[in-house]
Amino acid sequence: MIVTVTPNPSLDRTYEVPALDRGEVVRATGERMDPGGKGVNVSRAVAAAGRRTVAVLPLGGAPGALVAELLAAQGIEVAAVPVAGTTRSNIALAEADGVLTKINAPGPRLAPEERELLLRTVRERARAADWIACCGSLPRGLAPSWYADLVARAHAAGARIALDTSGPALLAALRERPDVVKPNAEELAEAVGRPLATVGDAVKAAEELRALGAGAVLASLGADGQLLVDGAGLWYGGAPVAAVRSNVGAGDASLAGFLIAGGAGPDALASAVAHGAAAVQLPGSLMPTPPDLSPATVTVTSDVPLDRPLSEPAP
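As the structure is a prediction and not an experimental result, all values here were calculated from the model. (Residues numbered from 1 in each chain as written. Predicted model: local features only at pLDDT ≥ 70, side-chain atom pairs only at ≥ 80, totals over all residues. Heavy atoms only, no water.)

On to the overall build of the protein chain, then. Along the protein chain, the regular secondary structure elements total 9 helices and 16 strands. What you see for the protein chain is a C-alpha radius of gyration of 19 Å, in line with the 20 Å of a compact globule of 315 residues. Overall size of the protein chain, expressed as C-alpha extent along the three principal axes, is 50 × 50 × 35 Å. Counting all 315 residues of the protein chain, 50% fall into the buried class. Taking as baseline every contact in the protein chain between residues at least 6 positions apart, the subset at least 24 positions apart corresponds to 67%. (Helix = DSSP H or I, 4+ residues; strand = E, 2+ residues; numbered from the N terminus. Rg over C-alpha atoms; globule rule 2.2 N^0.38 Å. Buried < 20%, exposed > 50% of the residue type's maximum accessible area, 1.4 Å probe, protein only. Contact = heavy atoms within 4.5 Å.)

Given below as C-alpha coordinates:
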(Lines give C-alpha, C1' and ligand atoms only; values in the text may rest on other atoms or scores of the structure.)
Protein backbone atom coordinates (compact mmCIF):
# COMPACT_ATOMS: atom_id res chain seq x y z
CA MET A 1 0.00 0.00 0.00
CA ILE A 2 1.30 3.44 -0.95
CA VAL A 3 0.50 6.51 1.12
CA THR A 4 0.92 9.90 -0.51
CA VAL A 5 1.32 13.23 1.26
CA THR A 6 0.44 16.46 -0.55
CA PRO A 7 0.87 19.44 1.80
CA ASN A 8 -0.60 21.93 -0.69
CA PRO A 9 -3.30 20.16 -2.76
CA SER A 10 -5.53 21.95 -5.22
CA LEU A 11 -8.71 21.84 -7.21
CA ASP A 12 -7.57 22.18 -10.82
CA ARG A 13 -9.83 23.66 -13.46
CA THR A 14 -8.71 23.33 -17.07
CA TYR A 15 -10.33 25.34 -19.86
CA GLU A 16 -9.71 24.59 -23.53
CA VAL A 17 -9.59 27.80 -25.58
CA PRO A 18 -8.91 28.46 -29.29
CA ALA A 19 -6.33 31.12 -28.39
CA LEU A 20 -5.50 33.31 -25.42
CA ASP A 21 -6.02 37.00 -26.22
CA ARG A 22 -5.21 39.37 -23.38
CA GLY A 23 -7.94 41.89 -22.62
CA GLU A 24 -10.56 40.02 -24.66
CA VAL A 25 -13.51 37.78 -23.75
CA VAL A 26 -12.31 34.23 -24.42
CA ARG A 27 -14.94 31.52 -24.80
CA ALA A 28 -13.89 28.05 -23.70
CA THR A 29 -14.60 25.11 -25.98
CA GLY A 30 -14.22 22.56 -23.18
CA GLU A 31 -13.53 22.29 -19.48
CA ARG A 32 -12.63 19.71 -16.85
CA MET A 33 -12.04 19.66 -13.12
CA ASP A 34 -9.49 17.43 -11.37
CA PRO A 35 -7.99 17.00 -7.91
CA GLY A 36 -4.48 18.41 -8.11
CA GLY A 37 -1.07 18.26 -6.48
CA LYS A 38 1.94 16.03 -7.08
CA GLY A 39 1.12 13.53 -4.36
CA VAL A 40 -2.50 13.46 -5.47
CA ASN A 41 -1.33 12.56 -8.98
CA VAL A 42 0.84 9.74 -7.61
CA SER A 43 -2.21 8.33 -5.80
CA ARG A 44 -4.27 8.64 -8.98
CA ALA A 45 -1.63 6.72 -10.94
CA VAL A 46 -1.36 4.04 -8.25
CA ALA A 47 -5.14 3.64 -8.20
CA ALA A 48 -5.25 3.51 -12.01
CA ALA A 49 -2.86 0.55 -11.78
CA GLY A 50 -5.33 -1.21 -9.50
CA ARG A 51 -3.27 -0.82 -6.33
CA ARG A 52 -4.35 0.50 -2.94
CA THR A 53 -3.38 4.03 -2.01
CA VAL A 54 -4.25 6.55 0.71
CA ALA A 55 -3.91 10.28 0.07
CA VAL A 56 -3.11 12.38 3.15
CA LEU A 57 -4.29 15.93 2.48
CA PRO A 58 -4.94 19.14 4.41
CA LEU A 59 -8.36 20.17 3.09
CA GLY A 60 -10.58 23.15 3.77
CA GLY A 61 -13.68 24.87 2.41
CA ALA A 62 -15.83 23.86 -0.55
CA PRO A 63 -12.85 23.24 -2.88
CA GLY A 64 -11.34 20.87 -0.32
CA ALA A 65 -14.60 18.93 -0.03
CA LEU A 66 -14.73 18.64 -3.83
CA VAL A 67 -11.14 17.37 -3.98
CA ALA A 68 -12.03 14.60 -1.52
CA GLU A 69 -15.17 13.76 -3.50
CA LEU A 70 -13.31 13.55 -6.81
CA LEU A 71 -10.62 11.31 -5.32
CA ALA A 72 -13.16 9.00 -3.71
CA ALA A 73 -14.84 8.62 -7.11
CA GLN A 74 -11.50 7.29 -8.41
CA GLY A 75 -11.27 4.71 -5.64
CA ILE A 76 -8.72 6.61 -3.58
CA GLU A 77 -9.01 6.64 0.19
CA VAL A 78 -8.57 10.15 1.56
CA ALA A 79 -7.13 10.85 5.01
CA ALA A 80 -8.27 14.44 5.30
CA VAL A 81 -6.69 16.84 7.78
CA PRO A 82 -9.24 19.65 8.34
CA VAL A 83 -7.80 23.16 8.07
CA ALA A 84 -9.41 26.54 8.63
CA GLY A 85 -8.22 27.96 5.30
CA THR A 86 -9.65 27.12 1.89
CA THR A 87 -7.94 24.64 -0.41
CA ARG A 88 -6.51 26.50 -3.40
CA SER A 89 -8.09 26.47 -6.85
CA ASN A 90 -5.75 26.53 -9.84
CA ILE A 91 -6.63 27.45 -13.42
CA ALA A 92 -5.07 26.11 -16.62
CA LEU A 93 -5.79 27.55 -20.07
CA ALA A 94 -5.04 25.04 -22.84
CA GLU A 95 -4.78 26.61 -26.29
CA ALA A 96 -5.45 24.71 -29.51
CA ASP A 97 -1.76 24.85 -30.50
CA GLY A 98 -0.75 23.00 -27.33
CA VAL A 99 0.41 26.00 -25.28
CA LEU A 100 -0.64 25.67 -21.64
CA THR A 101 -0.92 28.69 -19.33
CA LYS A 102 -1.26 27.91 -15.63
CA ILE A 103 -2.32 30.15 -12.77
CA ASN A 104 -1.49 28.56 -9.42
CA ALA A 105 -2.93 30.03 -6.24
CA PRO A 106 -0.76 30.14 -3.09
CA GLY A 107 -3.05 28.04 -0.92
CA PRO A 108 -3.98 28.43 2.76
CA ARG A 109 -1.58 29.19 5.58
CA LEU A 110 -1.44 26.25 8.01
CA ALA A 111 -1.61 27.01 11.72
CA PRO A 112 0.83 25.30 14.13
CA GLU A 113 -1.81 22.83 15.34
CA GLU A 114 -2.73 21.97 11.73
CA ARG A 115 0.94 21.34 10.88
CA GLU A 116 1.25 18.97 13.82
CA LEU A 117 -1.99 17.16 12.99
CA LEU A 118 -0.74 16.62 9.43
CA LEU A 119 2.48 15.04 10.75
CA ARG A 120 0.56 12.84 13.20
CA THR A 121 -1.78 11.66 10.45
CA VAL A 122 1.16 10.68 8.26
CA ARG A 123 2.78 8.74 11.09
CA GLU A 124 -0.47 6.89 11.84
CA ARG A 125 -0.89 5.91 8.20
CA ALA A 126 2.78 4.95 7.89
CA ARG A 127 2.25 1.83 10.00
CA ALA A 128 0.38 0.07 7.18
CA ALA A 129 2.34 1.54 4.25
CA ASP A 130 4.98 -0.04 2.03
CA TRP A 131 5.95 3.43 0.81
CA ILE A 132 5.14 7.01 1.69
CA ALA A 133 5.46 9.44 -1.21
CA CYS A 134 5.86 13.04 -0.02
CA CYS A 135 5.35 15.35 -2.94
CA GLY A 136 5.12 18.96 -3.99
CA SER A 137 5.73 22.43 -2.67
CA LEU A 138 5.06 23.44 0.91
CA PRO A 139 2.16 25.76 1.72
CA ARG A 140 2.48 28.94 3.72
CA GLY A 141 3.08 28.17 7.37
CA LEU A 142 5.38 25.20 6.77
CA ALA A 143 9.13 25.79 7.09
CA PRO A 144 11.57 24.13 4.63
CA SER A 145 12.50 21.73 7.47
CA TRP A 146 8.95 20.31 7.60
CA TYR A 147 9.70 17.53 5.11
CA ALA A 148 12.80 16.60 7.13
CA ASP A 149 10.60 16.20 10.21
CA LEU A 150 8.13 14.12 8.24
CA VAL A 151 10.87 11.81 6.90
CA ALA A 152 12.23 11.29 10.43
CA ARG A 153 8.79 10.44 11.84
CA ALA A 154 7.90 8.12 8.97
CA HIS A 155 11.21 6.26 9.29
CA ALA A 156 10.53 5.88 12.99
CA ALA A 157 7.26 4.19 12.07
CA GLY A 158 9.12 1.77 9.77
CA ALA A 159 8.06 3.21 6.41
CA ARG A 160 10.19 3.89 3.34
CA ILE A 161 10.09 7.43 1.99
CA ALA A 162 10.04 8.73 -1.58
CA LEU A 163 10.45 12.50 -1.73
CA ASP A 164 9.57 14.70 -4.69
CA THR A 165 10.20 18.33 -3.84
CA SER A 166 12.84 20.94 -4.61
CA GLY A 167 14.87 23.88 -3.32
CA PRO A 168 15.51 24.36 0.40
CA ALA A 169 12.88 21.75 1.34
CA LEU A 170 14.77 19.06 -0.60
CA LEU A 171 18.17 20.01 0.79
CA ALA A 172 16.86 20.15 4.37
CA ALA A 173 15.24 16.71 4.06
CA LEU A 174 18.40 15.00 2.80
CA ARG A 175 19.88 15.00 6.29
CA GLU A 176 17.14 12.54 7.34
CA ARG A 177 18.14 10.18 4.51
CA PRO A 178 14.97 9.69 2.41
CA ASP A 179 15.04 6.35 0.60
CA VAL A 180 14.38 7.87 -2.83
CA VAL A 181 14.31 11.42 -4.16
CA LYS A 182 12.85 12.22 -7.57
CA PRO A 183 14.08 15.50 -9.06
CA ASN A 184 13.84 16.60 -12.67
CA ALA A 185 16.85 18.10 -14.47
CA GLU A 186 16.03 21.65 -13.44
CA GLU A 187 15.61 20.65 -9.80
CA LEU A 188 18.88 18.71 -9.91
CA ALA A 189 20.68 21.77 -11.25
CA GLU A 190 19.16 23.94 -8.53
CA ALA A 191 20.17 21.47 -5.81
CA VAL A 192 23.84 21.39 -6.82
CA GLY A 193 24.05 25.04 -7.83
CA ARG A 194 25.29 24.65 -11.39
CA PRO A 195 23.86 24.08 -14.89
CA LEU A 196 23.53 20.61 -16.40
CA ALA A 197 24.28 20.19 -20.10
CA THR A 198 24.76 16.43 -20.50
CA VAL A 199 23.51 13.15 -19.10
CA GLY A 200 26.89 12.85 -17.38
CA ASP A 201 26.31 16.18 -15.64
CA ALA A 202 23.01 14.84 -14.34
CA VAL A 203 24.71 11.67 -13.08
CA LYS A 204 27.29 13.71 -11.14
CA ALA A 205 24.53 15.85 -9.62
CA ALA A 206 22.59 12.73 -8.59
CA GLU A 207 25.69 11.28 -6.97
CA GLU A 208 26.09 14.50 -4.97
CA LEU A 209 22.54 14.18 -3.67
CA ARG A 210 23.35 10.64 -2.57
CA ALA A 211 26.42 11.93 -0.76
CA LEU A 212 24.16 14.40 1.06
CA GLY A 213 21.85 11.65 2.27
CA ALA A 214 19.55 10.36 -0.48
CA GLY A 215 19.39 6.58 -0.62
CA ALA A 216 18.59 6.63 -4.34
CA VAL A 217 17.99 9.30 -6.96
CA LEU A 218 15.38 8.77 -9.68
CA ALA A 219 15.93 11.68 -12.07
CA SER A 220 13.54 12.62 -14.86
CA LEU A 221 15.34 14.14 -17.85
CA GLY A 222 12.29 14.83 -20.00
CA ALA A 223 12.71 13.67 -23.58
CA ASP A 224 16.18 12.36 -22.66
CA GLY A 225 14.84 9.58 -20.44
CA GLN A 226 15.39 8.79 -16.76
CA LEU A 227 18.31 7.96 -14.49
CA LEU A 228 18.46 5.79 -11.41
CA VAL A 229 21.49 6.16 -9.16
CA ASP A 230 21.63 4.09 -5.97
CA GLY A 231 24.02 2.08 -3.83
CA ALA A 232 23.88 -0.86 -6.23
CA GLY A 233 24.69 0.98 -9.43
CA LEU A 234 23.65 3.35 -12.19
CA TRP A 235 21.00 2.78 -14.85
CA TYR A 236 19.57 4.77 -17.72
CA GLY A 237 16.14 4.20 -19.24
CA GLY A 238 14.06 5.53 -22.11
CA ALA A 239 11.13 4.77 -24.39
CA PRO A 240 9.93 6.15 -27.74
CA VAL A 241 6.99 8.55 -27.62
CA ALA A 242 4.95 9.02 -30.79
CA ALA A 243 3.52 12.40 -29.79
CA VAL A 244 3.44 14.40 -26.59
CA ARG A 245 -0.09 15.50 -25.73
CA SER A 246 0.52 16.73 -22.18
CA ASN A 247 3.42 16.48 -19.74
CA VAL A 248 1.25 17.48 -16.76
CA GLY A 249 1.72 14.83 -14.09
CA ALA A 250 4.11 12.70 -16.16
CA GLY A 251 6.79 12.83 -13.46
CA ASP A 252 4.21 11.85 -10.85
CA ALA A 253 3.14 8.88 -12.98
CA SER A 254 6.81 7.87 -13.25
CA LEU A 255 7.23 7.93 -9.47
CA ALA A 256 4.07 5.85 -9.07
CA GLY A 257 5.39 3.30 -11.59
CA PHE A 258 8.69 3.13 -9.74
CA LEU A 259 7.06 2.49 -6.37
CA ILE A 260 4.52 0.01 -7.75
CA ALA A 261 7.45 -2.07 -9.06
CA GLY A 262 9.17 -2.15 -5.67
CA GLY A 263 11.05 1.15 -5.68
CA ALA A 264 14.54 -0.25 -6.35
CA GLY A 265 16.67 -1.47 -9.23
CA PRO A 266 16.41 -1.56 -13.03
CA ASP A 267 13.00 -3.24 -13.12
CA ALA A 268 11.51 -0.38 -11.10
CA LEU A 269 13.22 2.11 -13.42
CA ALA A 270 11.68 0.34 -16.42
CA SER A 271 8.24 0.65 -14.80
CA ALA A 272 8.86 4.35 -14.13
CA VAL A 273 9.83 4.95 -17.76
CA ALA A 274 6.79 3.04 -19.05
CA HIS A 275 4.41 5.04 -16.87
CA GLY A 276 6.01 8.37 -17.75
CA ALA A 277 6.00 7.65 -21.49
CA ALA A 278 2.34 6.62 -21.34
CA ALA A 279 1.35 9.70 -19.34
CA VAL A 280 2.73 12.22 -21.83
CA GLN A 281 0.64 10.64 -24.57
CA LEU A 282 -2.61 11.19 -22.64
CA PRO A 283 -4.58 14.45 -22.50
CA GLY A 284 -4.50 16.80 -19.52
CA SER A 285 -3.50 15.18 -16.26
CA LEU A 286 -4.95 11.74 -16.98
CA MET A 287 -2.94 8.94 -15.39
CA PRO A 288 -2.15 5.80 -17.41
CA THR A 289 -3.90 2.49 -16.83
CA PRO A 290 -2.24 -0.89 -17.60
CA PRO A 291 -3.57 -0.98 -21.20
CA ASP A 292 -1.86 2.38 -21.85
CA LEU A 293 1.58 1.01 -21.00
CA SER A 294 4.05 -0.34 -23.57
CA PRO A 295 6.72 -2.07 -21.48
CA ALA A 296 8.18 -3.83 -24.53
CA THR A 297 9.34 -0.47 -25.93
CA VAL A 298 11.29 0.45 -22.79
CA THR A 299 15.06 0.10 -22.75
CA VAL A 300 17.13 0.13 -19.55
CA THR A 301 20.91 -0.09 -19.58
CA SER A 302 23.87 0.30 -17.26
CA ASP A 303 25.85 1.65 -20.23
CA VAL A 304 24.87 5.26 -19.61
CA PRO A 305 25.49 7.76 -22.46
CA LEU A 306 27.37 10.24 -20.28
CA ASP A 307 28.33 12.54 -23.18
CA ARG A 308 24.79 12.81 -24.56
CA PRO A 309 23.69 16.46 -24.57
CA LEU A 310 20.39 17.16 -22.82
CA SER A 311 17.81 18.36 -25.34
CA GLU A 312 16.71 20.91 -22.74
CA PRO A 313 19.81 21.85 -20.71
CA ALA A 314 19.03 22.77 -17.10
CA PRO A 315 20.23 26.30 -16.25
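One open sheet holds the 10 strands; their spatial order is 5-4-1-8-9-10-12-13-14-15, and the pairing between them is mixed. Whereas interior strands pair on both sides, the edge strands pair on one side only; in this sheet they are strand 5 (77–82) and strand 15 (299–301). Sheet topology note: the strand 12 (residues 216–220)/strand 13 (residues 226–230) ladder contains 4 bridges and is antiparallel. Following the sheet pairing, L218 is matched in strand 13 by L228. In this fold helix 7 (residues 199–212) packs onto strand 10 (180–181), strand 12, strand 13 and strand 14 (233–238), with an angle of close to 35 degrees to the strand it touches most, strand 13. (Pairing = 2+ DSSP bridges. Axes fitted to C-alpha atoms, helices over the stretch in contact; angles between N-to-C directions.)

Right, let's get into the UniProt feature "domain: Carbohydrate kinase PfkB" (unreviewed entry) in the protein chain. When the UniProt feature table is mapped to this numbering, "domain: Carbohydrate kinase PfkB" (unreviewed entry) covers residues 17–286. Counting secondary structure, residues 17–286 comes out at 39% helix and 24% strand; the distance between its end C-alpha atoms is 19 Å. (UniProt positions renumbered as here; feature names shortened; annotations may be inferred.)

Next up on the list: the pattern of salt bridges. Enumeration according to the criterion identifies 9 salt bridges in this entry. Here the salt bridges do not stand alone but share partners, grouping K38, D164 and D252 into one network. (Salt bridge = Lys/Arg side-chain N within 4 Å of Asp/Glu carboxyl O.)

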